[in-house]
Amino acid sequence: MSQRNQDRDNLEISKLGQLTDEQLRNKIIDINNAQLSKIRDMSYYYLIGESGKLIQFINDDKFLNELKSLEQREILIKVFDIIINSFKKFHTNMTRQERDKEIEQLLDIRKELCSLSSAIHGYEIELSYIKELLDHYTMKVVGKEEYRYARADNKEITLLINKVGETLDNNTTDHFLFINIVSNILNILPFRMSKSKYFDVVKTTLIRNFNYYPVGLVENQIEEYKILFDGSLGGNYGIIFIDYFTSIQRLKNINFAELTLDELENTAKNIIDLSLNINKVRMFINSLGLLVNRLIVIHLIKEKNTFNSNNEDVFSIWEKYEAKKDKDLLISLTESSNKKLIEMERQLLDDIKYFETLNEEGIKRAEFFGETLNKEMLFTRDILAYYNDVEFTKYEILFPENNEPIDGDYLEQLVDNLIQYINRSIVTMDNIERKTRMRRLLSILELPFVNIEEFLSYIEYSLDERMVSKEEILFTMDAINYWLDGLKEEK
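Below or above, wherever it landed, is the structure these notes cover.

The rules behind the values
Residues numbered from 1 in each chain as written. Predicted model: local features only at pLDDT ≥ 70, side-chain atom pairs only at ≥ 80, totals over all residues. Heavy atoms only, no water. Helix = DSSP H or I, 4+ residues; strand = E, 2+ residues; numbered from the N terminus. Buried < 20%, exposed > 50% of the residue type's maximum accessible area, 1.4 Å probe, protein only. Contact = heavy atoms within 4.5 Å. Areas by Shrake-Rupley, 256 points an atom, 1.4 Å probe, with all protein chains shown as cover. Arc of directions from axis to C-beta. Polar contact = N/O pair within 3.5 Å; in protein donor to acceptor, adjacent residues only side chain to side chain. Lys, Arg positive; Asp, Glu negative; His and termini not counted. Salt bridge = Lys/Arg side-chain N within 4 Å of Asp/Glu carboxyl O. Core = buried A, V, L, I, M, F, W, Y, C linked by side-chain atoms within 4.5 Å. Axes fitted to C-alpha atoms, helices over the stretch in contact; angles between N-to-C directions. Parallel < 35°, antiparallel > 145°, perpendicular 65-115°, else oblique. Left-handed = near helix turned anticlockwise from the far one by under 90°. Phe/Tyr/Trp six-rings, centres within 6.5 Å; stacked < 30°, edge-to-face > 60°. Nonpolar A, V, L, I, M, F, W, Y, C, P; charged D, E, K, R; others polar. Expected span 1.5 Å × (residues − 1).

Moving on, we get to the overall build of the protein. Helices and strands together make up the secondary structure of the protein, namely 19 helices and zero strands. Taken over 491 residues, the protein has a buried fraction of 46%. Counting contacts in the protein only where the partners sit at least 6 residues apart, residues at least 24 apart contribute 86% of the total. Counting only carbon and sulfur atoms, one obtains 49% of the accessible surface of the protein, whose full area is about 26,400 Å².

So this is what it looks like as structure tokens:
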């Protein structure tokens, strides 16, 4: 923000108390419309640059043609065509009814993409568990040779525990980093917890973390925990992208304990190749989903705000690129769209600060927010939900039906249901797989220990040679030290 604009805004803010309710409402509506215009233009330039990249990707890369699931390939091609055509339609004089129908179609394909993404997510989860199991058996084979003459020194374990404690002490003010440290170390440690203790920790942690959260959010998160524990629960798992399902089932049927080191390494390469392939499809699906989000934004806002005619010049270049696939044009489009995005993001931040100040003044006044103003605010909230959805989230999570704080009894019921599901699932698993899945969920939970001391005690217990093999202890210590050293270098 320029000094002149800042001085002007400071002067206006100092006089807010002198405004009538109507004048203040008009200012809020004006700044809200200015924000919507910027969000629309930011979405527009995102579409220009990212759709251009996907056009090039589809034109240059053979992965869609190599996708064995023919039905899903056709769906992805159809969705991409709908996205491109919808962007072109945006530049025509559509009636309100035509635009509503267009948005409805975009919501339908968004749902279809979420279904595809959910299945892919499930395959990724199950493949990651297979890789983790393979790594465990590889570690046992390599460890016997690498750590043949080494021993698990209690002093070294104490030094490691102190190092973890010091790292946590130094990061108590950074909540997200603190959680990340605990999570990563839990995912490295051998799992050493009785089933009853584990379920007690899971229940206590979730009830503590989700108390007073909105009902819809908690319901969806509990379902996500189930899927993270067992990816086959994901929608359409084993039904669509059937070639991935077949490959994963084939890997699940391998007895890693019987493989030589060379065989384990070859299997690891196959898993990595499959993982890269699946990841590539997921990234493509999610990229399409983000384009749909931005399309919904620009179509919705166009009904309220006049479109910036200056953007027509950019669109004419985009049309030439879409027809000719000229990479020089793509570079020009990408550079100009990125430049515009950066510029508008800066302007939007200024608008948001000013809007918050106006809103705070409105809150001070009795019965200030009437039906019209509330409607404007709700519309902007929905627009921001689509715009900020960079993870391509399910519609039910973006717009939960129930935003009321969760009742304690219902929260306990949901958590108990999760625990019962886990308890039923682990019955069919061998010891290593059960520990692997239980450890993964434990590491995902936010701070599953009461305090640092309890967590450090768990580390000590997990590295007890009376319970865990020497090779696993030494391998774990090396892995944790390596991770902590990397974290220190990053800072």
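For the rest of this paragraph, the subject is helix 18 (residues 452-462). For an α-helix, 3.6 residues make a turn, and residues three or four places apart therefore share a direction. When helix 18 is considered as a whole, its buried residues turn out to be Ile 452, Phe 455, Leu 456, Tyr 458, Ile 459 and Ser 462. The buried residues of helix 18 occupy an angular sector of 155° when the element is viewed end-on, so they sit on one face. In helix 18, the exposed residues that point more than 90 degrees away from the buried face are Glu 453 and Glu 460. For helix 18, the capping residue at the N-terminal end is Asn 451, with a side-chain oxygen 3.2 Å from the backbone nitrogen of Glu 453.

A few words on the side chain of Arg 294. Checked against the element boundaries, Arg 294 lands in helix 11 (residues 261-302). One buried charged residue, Arg 294, forms no salt bridge at all, with the nearest opposite charge on Asp 389 at 7.4 Å. Within the structure, the side chain of Arg 294 is placed 3.4 Å from the backbone oxygen of Tyr 387, a separation counted as a polar contact. Those residues in contact with Arg 294, other than ones at most four positions away along the chain, are Ser 43, Tyr 46, Leu 47, Tyr 386 and Tyr 387.

What follows deals with the nonpolar core. Counting residues in each nonpolar core, the largest one holds 76 residues, and the members touching the most others are Leu 76, Phe 87, Leu 113, Phe 241, Tyr 244 and Leu 288. Ranked by the residues each element gives to this core, the list is headed by helix 11, at 17 residues. With 57 residues, the next largest nonpolar core counts Tyr 129, Leu 186, Met 193 and Ile 426 among its residues.

With that settled, consider the pattern of salt bridges. A pair can form between side chains of opposite charge whenever their charged atoms are brought close. Taken as a whole and judged by the stated rule, the model has 27 salt bridges. Among the salt bridges present, the one from Glu 124 reaches Arg 282, with a minimum N-O distance of 2.7 Å. Pair noted here: Glu 124 is in helix 5 (residues 96-146) and Arg 282 is in helix 11, with a separation of 158 residues, a long-range link. Among the ionic pairs, Glu 361 bridges to Arg 365, the shortest N-O distance being 3.1 Å.

Within the element layout of this structure, Tyr 45 appears in helix 2 (residues 21-60). Residue classification places Tyr 45 among the buried positions, given a relative accessible area of 3%. On a C-alpha basis, the gap between Tyr 45 and Leu 333 in space is 8.9 Å, while along the polypeptide they are 288 residues apart. Excluding anything up to four places from it in sequence, Tyr 45 contacts Asn 311, Val 314, Ser 337, Lys 340, Leu 341 and Met 344.

This part is about the packing of helix 6 (residues 154-169) against helix 7 (residues 175-188). Contact geometry for helix 6 and helix 7: axes closest at 9 Å, N-to-C directions at 155°. Here helix 7 runs roughly antiparallel to helix 6, going by the angle between their axes. The handedness of the crossing between helix 6 and helix 7 is left-handed. Residues Val 164, Thr 167 and Leu 168 of helix 6 touch helix 7, and the partners they reach there are Phe 178, Ile 181, Val 182 and Ile 185.

So, about the packing of aromatic side chains. A full pass over the atoms with the stated rule returns 21 aromatic pairs. Consider the rings of Phe 87 and Phe 315, whose centres lie 5.7 Å apart with planes at 85°: the pair is edge-to-face. Remark: Phe 315 occurs in helix 12 (residues 311-324) and Phe 87 occurs in helix 4 (residues 70-90); sequence separation between them is 228 residues. The class for Phe 87 is buried, based on a relative accessible area of 2%. Measuring from ring centre to ring centre gives 5.5 Å for Phe 191 and Tyr 198, while their planes differ by 80°; the resulting arrangement is edge-to-face.

In this structure, Lys 325 takes a positive phi of about 55° despite not being glycine. Looking at the secondary structure, you find Lys 325 in the loop between helix 12 and helix 13 (327-363). A residue is classified by how much of its surface remains accessible, and Lys 325, at 31% relative accessible area, is partly exposed.

Residue position: Val 468 is located in the loop between helix 18 and helix 19 (470-490). Of the residues examined, Val 468 reaches a relative accessible area of 6% and is grouped as buried. Separated by 203 residues in sequence, Val 468 and Glu 265 place their C-alpha atoms 24 Å apart. What Val 468 contacts, discounting residues up to four positions off in sequence, is Pro 190, Arg 192, Ser 462 and Ile 473.

Right, let's talk about the packing of helix 6 against helix 18 for a bit. It is the contact of helix 6 with helix 18, at a shortest axis distance of 10 Å, that shows an interaxial angle of 155°. On the basis of their axis angle, the class for helix 6 and helix 18 is roughly antiparallel. Read as a crossing pair, helix 6 and helix 18 show a hand that is right-handed. Here helix 6 contributes Ile 161, Val 164, Gly 165, Leu 168 and Asp 169 to the contact with helix 18, which in turn contributes Ile 452, Phe 455, Leu 456, Ile 459 and Glu 460. Taken together, the residues that form the contact of helix 6 with helix 18 break down as seven nonpolar, one polar and two charged.

Turning next to helix 9 (residues 215-229). Between the first and last C-alpha of helix 9 there are 21 Å, a value that for 15 residues agrees with the 21 Å anticipated at 1.5 Å per step. All of the buried residues in helix 9 are Val 215, Gly 216, Val 218, Asn 220, Ile 222, Tyr 225, Lys 226, Ile 227, Leu 228 and Phe 229.

What follows is about the environment of Tyr 198. Take Tyr 198: it is sitting in helix 8 (residues 195-210). For Tyr 198, a relative accessible area of 0% puts it in the buried group. Sequence separation between Tyr 198 and Ile 419 is 221 residues; the distance between their C-alpha atoms is 9.7 Å. For Tyr 198, the contacting residues outside a window of four places in its chain are Phe 191, Met 193, Met 438, Leu 441 and Leu 442.

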